[in-house]
Amino acid sequence: MRYPALQEDTCTMNEWLDAGKDKVVKYWDVDKFEQLLTLEGHHGEVWCMALSAHGDFLVTGSHDRSLRRWERTDEPFFVEEEREKRLESLFEADLEVRFNWSCP
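Read on for a plain summary of the structure. This is a predicted model, so every value here is computed, not measured.

Now for the pattern of salt bridges. Think of it this way: side chains of opposite charge can pair up when their charged atoms draw near. Scanning the entire structure with this criterion turns up 2 salt bridges. Note that D22 and K26 form a salt bridge whose closest N and O atoms lie 2.9 Å from each other. Assessed through its relative accessible area of 40%, D22 is described here as partly exposed. Across the pair E71 and R69 runs a salt bridge, and its minimum N-O distance is 4.0 Å. With a relative accessible area of 45%, R69 lands in the partly exposed category.

Proteins that are soluble and globular tend to have nonpolar side chains buried together. Judged by nonpolar contacts, V25, Y27, L36, L37, L39, V46, L58, W70 and V79 together constitute the single largest core of 9 residues. Looking at this core, the elements that each hand over two or more residues are β3 (24-29) and β4 (34-40). At 3 residues, the largest contribution of residues to this core is made by β4.

Thresholds applied
- As a convention, each chain's residues are numbered from 1 in the sequence order in which they are written.
- Confidence filtering applies because this is a predicted model: local features only for residues at pLDDT of at least 70, side-chain atom pairs given and counted only at 80 or more, and all residues used for totals across whole chains, interfaces and linings.
- Side-chain metrics rest on all non-hydrogen atoms present in the structure, leaving aside hydrogens and water.
- Here a salt bridge means any side-chain nitrogen of Lys or Arg lying within 4 Å of a carboxyl oxygen belonging to Asp or Glu.
- Burial classes: relative accessible area under 20% of the type maximum marks a residue as buried, over 50% as exposed, and values in between as partly exposed (1.4 Å probe, protein chains only).
- Throughout, nonpolar core names a set of buried Ala, Val, Leu, Ile, Met, Phe, Trp, Tyr and Cys residues whose side chains join them through atoms within 4.5 Å.
- Numbering goes from the N terminus for both helices and strands, where a helix is a DSSP run of H or I of at least four residues and a strand is a run of E of at least two.

Okay, here's the thing in structure tokens:
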């Protein structure tokens, strides 16, 4: 699995990765306390992760008994697009709960 490199100068940005019971790995900008990216792929709680020494890849382990290797790519990454996707999915989930229906 792959995740894009940030367009900003990462030497001046403090980054944080977290994972847990929600089955995803979240990539954060600590200075702005802003979630930048969500890495989805596990079907169970994410129990552990290890980042390579150069930050080229991340390995995660899950309750679903899988290991995933996430490679950093040169693909452009835009924080606004990711924020819009996150808000849209939250809105759709809220509609589904309120009206007990799902969007196609």
